[in-house]
Amino acid sequence: MGIHKAVIPAAGLGTRFLPATKAQPKEMIPLIDTPTIQLIVEEAVTSGIDDLLVVIGRDKGSIEDHFDRAPELEEFLREKGKTDLLMVVQDVSRIAADIHFIRQKIPMGLGHAVLAARRHIGREPFGVLLGDDVMTGPTPVLRQLIDKWRSGLSVVAVQEVPVDEASRYGIVFGKSLADGTIQVDSLLEKPPVHLVGERPLAVMGRYVLDPAVFSALSDVAPGAGGEIQLTDALDVLAHQGQLIAVPFRGTRFDVGEKFGFVKATIAAALNRADLRDDVLSYLRQILDQPE
Ligand code: UTP
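Colleague: Residues and numbers for the environment of proline 71, please.
Modeller: One can find proline 71 in helix H3 (residues 71–79). In this structure proline 71 comes out as exposed when scored by relative accessible area, which is 58%. As for proline 71 and arginine 119, which are separated by 48 residues in sequence, their C-alpha atoms are 32 Å apart.

What follows is the structure, encoded as structure tokens:
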């Protein structure tokens, strides 16, 4: 069985981005002109996913609207002869996947959001892409995980992080395998620095999960703040020998955090032919000015 379904948890409150997230989902905040959730949906589709379930919370209706048709806007653009923009608008609603939405009624953590997808996913392995993590790379990161996945296993994306930053992440521990992956023995969420080792590998927001994760999630007790943590369920799978970690090729931007968002915006601008030269010359100009 291949992997063709994926879940995008997007029901968090986005408190690190207040006041922007007071009345709009953080996943709709754009990098230049493209909402981050659209970039994530595109990564899923180019990874081979054709069935997406977005877990949304209160006031997240604009995410549904974004992927729907916009007849009045389309008519307006057509009348004005703005065919390029018309195509841009229509392309979003023609994304080559079925996009479903489900409500997580109370934001009780990432694990709880994944558990909300149980009925839709059924007994199939599935991808998970966090709305907070924008990834760029030679091959879509979810695809890199799917390529290493084997039936019965779950897979997490990892990247080495500096020792003094490791306490901000979930860190995997295990042994390296011949194919470059890691057989994970255990997983610790935000461990103290003396436990992280010399080359800590941090979990980043892409996963391929076996449906066994749902029973692990139902069994884990709520942790800090009453939230159900995905990490705790993954640790159960790791102890059963069913979790591997894949060091991925590419760059990850934590767009749920302010500096990460600024870095992602600069990188996105430098990657665009219509902006690159202007942005570069502006950056040179302000860097040349005395502080
Ligand atoms: P975060 O903890 O980064 O998101 O969750 P948050 O809670 O919205 O952010 P802050 O800390 O308040 O700023 C990682 C991902 O899990 C989703 C979020 O939407 C985000 O994509 N999530 C989190 C849920 O879907 N439901 C939850 O209950 C919590």
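Colleague: Before we move on, can you summarise the environment of leucine 73 with the specific residues and values?
Modeller: With respect to the helices and strands, leucine 73 occurs in helix H3. Residue leucine 73 is classed as partly exposed on the basis of its relative accessible area, which comes to 41%. Distance from leucine 73 to tryptophan 149, taken between C-alpha atoms, is 42 Å for residues 76 residues apart in sequence.

Colleague: Go over empty space enclosed by the protein, please, and point to the residues and values.
Modeller: Any empty space left between the atoms is revealed when a probe the size of a water molecule rolls over them. Using the criterion set out here, one finds 1 cavity of 30 Å³ or more in the structure. By volume, the largest cavity is sized at about 50 Å³. Lining the largest cavity, in full, are Phe17, Lys26, Glu27, Ile29, Thr36, Gly131, Asp132, Val255, Gly256 and Phe261. Partitioning the lining of the largest cavity into residue classes produces 4 nonpolar, 3 polar and 3 charged.

Colleague: Go over the site of the ligand, please, and point to the residues and values.
Modeller: Around the ligand lies a shell of 18 residues, among which Gly14, Thr15, Gln104, Gly109 and Asp132 are the nearest. For the ligand, an oxygen atom lies 3.0 Å from a polar atom in the backbone of proline 9. Take arginine 16: an N or O atom from its main chain is 2.8 Å from an oxygen atom of the ligand. Most atoms of the ligand, that is more than half of them, are within 2 Å of grid points of the largest pocket. Mapped by element, the contributors of at least two residues to the shell around the ligand are strand E1 (5–10) and helix H5 (110–115). Across the shell around the ligand, the residue classes tally to 8 nonpolar, 6 polar and 4 charged.

Colleague: Describe in detail the pattern of salt bridges, supporting the description with residues and values.
Modeller: As enumerated under the stated definition, the model contains 13 salt bridges in all. Salt-bridge contacts for arginine 16 lead to aspartate 132; the nearest nitrogen and oxygen are separated by 3.5 Å. A residue pair is termed long-range when its members are at least 10 positions apart, and arginine 16 in the loop between E1 and strand E2 (30–31) and aspartate 132 in the loop between strand E6 (126–129) and strand E7 (133–136) qualify at 116 residues. By relative accessible area, arginine 16 is classed as partly exposed at 42%. Since its relative accessible area comes to 18%, aspartate 132 is described here as buried. Among the salt bridges present, the one from arginine 272 reaches aspartate 274, with a minimum N-O distance of 2.9 Å. You can call arginine 272 partly exposed: its relative accessible area is 24%. What emerges from the salt-bridge pattern is a single network uniting Arg16, Lys26 and Asp132.

Colleague: Pulling in residues and values, what's your account of the layout of surface pockets?
Modeller: Volume-wise, the largest pocket comes out at about 1,400 Å³. Taken together, 48 residues line the largest pocket, and the ones lying closest to its centre are Arg16, Leu130, Asp132, Lys190 and Asp254. Of all the secondary structure elements, the ones that give two or more residues to the lining of the largest pocket are E1, H5, strand E8 (154–160), strand E10 (182–189), strand E11 (201–209), helix H9 (230–239), strand E13 (251–254) and helix H10 (258–270). Looking at the lining of the largest pocket, its residues break down into 20 nonpolar, 13 polar and 15 charged. Looking at the second largest pocket, its volume works out to about 920 Å³. In this structure, the second largest pocket is lined by 38 residues; those nearest its centre are Asp33, Thr34, Gln38, Leu39 and Glu42. When residues of the lining of the second largest pocket are traced back to their parent elements, those giving at least two are strand E3 (34–35), helix H1 (36–46), helix H2 (61–66), H3, helix H4 (83–93), E7, E13 and H10. Residue contributions to the lining of the second largest pocket peak at 6 residues, all from H1. Split into classes, the residues belonging to the lining of the second largest pocket amount to 19 nonpolar, 9 polar and 10 charged.

Conventions and cut-offs
- Residues numbered from 1 in each chain as written.
- Predicted model: local features only at pLDDT ≥ 70, side-chain atom pairs only at ≥ 80, totals over all residues.
- Heavy atoms only, no water.
- Helix = DSSP H or I, 4+ residues; strand = E, 2+ residues; numbered from the N terminus.
- Buried < 20%, exposed > 50% of the residue type's maximum accessible area, 1.4 Å probe, protein only.
- 1 Å grid on protein atoms, 1.4 Å probe; cavity = no way out; pocket = protein on both sides within 12 Å on 5 of 7 lines; lining within 4 Å.
- Points joined across faces, edges and corners; volume = space filled by probe spheres on them.
- Nonpolar A, V, L, I, M, F, W, Y, C, P; charged D, E, K, R; others polar.
- Near = heavy atom within 4 Å.
- Polar contact = N/O pair within 3.5 Å; in protein donor to acceptor, adjacent residues only side chain to side chain.
- Sits in = over half its atoms within 2 Å of the grid points.
- Salt bridge = Lys/Arg side-chain N within 4 Å of Asp/Glu carboxyl O.

Coordinates in, geometry out; function isn't part of it.
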